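Spelled out from the first residue to the last, the chains are:
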Amino acid sequence: MPLPRRVLADANRNGAQPVDRALYALRRADTPIIDQLFFRRQIMDINGKWRIDAVMSFETQPDGSNWKKIDPNTDDEDMLECLNMFFVFDENEMRTLIRISPDVSDEEIEQAKKEGALITDDRCMYQVQELKRENGKVYYNSGITGEILGEEADPWLELTVDEDGSIILMTFKLRRID
C-alpha cells in the first residue's frame, strides 16, 4: 500500500530521521504491527527501579534461550549476589546499588565512606553512571576506555529493550520492580 504524500510530508516537517520518518508514516497509515513497534521504540520509559531477573549463560536453558533466571533457592553465590543488586534509572543517570551484608559493621561502613565509597543510609553501596538519550535510544557511560581490536573504545553502550519489556544491560536482563 503506497503511503500518502501528506503523511510523509507531515513526518518530514516534524524533523524525524529517515528511519523514524518511515515508521511515523506507517504508523499514520494505521498499520497495527508497525504501531506497536513505533510505540515501544519511541516511548519506552526506563525511569524507575529495576532488578536482575536473568543472567546470560553459555548454556542453552530449558526455554531455548541463553538467559538463566535468578533462583533465590540456589547454592550459587554469584547468582545469590544478583538478588542484592538493583538499578535505578532517571533522566540523566543510572545508579547501581548493592546491599551491604549484615556481617559488615557500622564502623567498617564509616571507614569505607571516609575512603570515598558511596553508601546510602539504608546500607547500600552504589555507583553512578551517566545516561544520554539520542534518536529514541538510551546509552550509558560504561567507563570503558582504550582500544578494542585496534580501534578506540566508545564508552557509551546502548541499553536495549527486549521483546518482553526487560532491559538488557551487558550480561544482565533487568525487570522493573516499581
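Values in this document were obtained by computation on a predicted structure and should not be read as measured data. (Residues numbered from 1 in each chain as written. Predicted model: local features only at pLDDT ≥ 70, side-chain atom pairs only at ≥ 80, totals over all residues. Heavy atoms only, no water.)

**Quick look at a nonpolar patch on the surface**
- On the surface, Ile144, Ile148, Leu149 and Met170 cluster together into a nonpolar patch covering about 450 Å² of accessible area.
- Position of Met170 among the secondary structure elements: in the loop between strand E10 (167-169) and strand E11 (172-176). (Patch = residues over 30% accessible without salt bridge, like charges linked within 9 Å, V, L, I, M, F, W, Y side chains within 5 Å. Areas by Shrake-Rupley, 256 points an atom, 1.4 Å probe, with all protein chains shown as cover. Salt bridge = Lys/Arg side-chain N within 4 Å of Asp/Glu carboxyl O. Helix = DSSP H or I, 4+ residues; strand = E, 2+ residues; numbered from the N terminus.)

**Topic: the confidence of the model for the protein**
- In this model, the protein carries a mean pLDDT of 77, and residues with pLDDT of at least 70 account for 75%.
- Below a pLDDT of 50 lies the segment residues 1-43, which in the model reaches 37 contacts outside its immediate sequence neighbourhood of four places, other chains included. (pLDDT = per-residue confidence, 0-100. Contact = heavy atoms within 4.5 Å.)

**Concerning the environment of Thr60**
- Assignment of secondary structure puts Thr60 in the loop between strand E1 (48-56) and strand E2 (67-69).
- A relative accessible area of 57% places Thr60 in the exposed class.
- In this view, Thr60 contacts Ser65 and Asn66; residues no more than four positions away in its chain are not counted. (Buried < 20%, exposed > 50% of the residue type's maximum accessible area, 1.4 Å probe, protein only.)

**What to know about the packing of aromatic side chains**
- One pass over the structure, following the stated rule, counts two aromatic pairs.
- When the ring centre of Tyr139 is taken as reference, the NZ or CZ atom of Lys132 above it lies at 6.0 Å. (Phe/Tyr/Trp six-rings, centres within 6.5 Å; stacked < 30°, edge-to-face > 60°. Lys NZ or Arg CZ within 6 Å of the ring centre and 35° of its normal.)

**As for the pattern of salt bridges**
- For the structure on display, the rule yields 11 salt bridges.
- Between Lys69 and Asp53 there is a salt bridge, with its nearest N and O atoms 2.7 Å apart. Pair noted here: Lys69 is in strand E2 and Asp53 is in strand E1, with a separation of 16 residues, a long-range link.
- Taking relative accessible area as the criterion, Asp53 reaches 14% and is therefore assigned buried.
- Between Asp178 and Arg176 there is a salt bridge, with its nearest N and O atoms 3.9 Å apart.
- Put simply, Asp53, Lys69 and Arg175 are held in one network by salt bridges that share partners.

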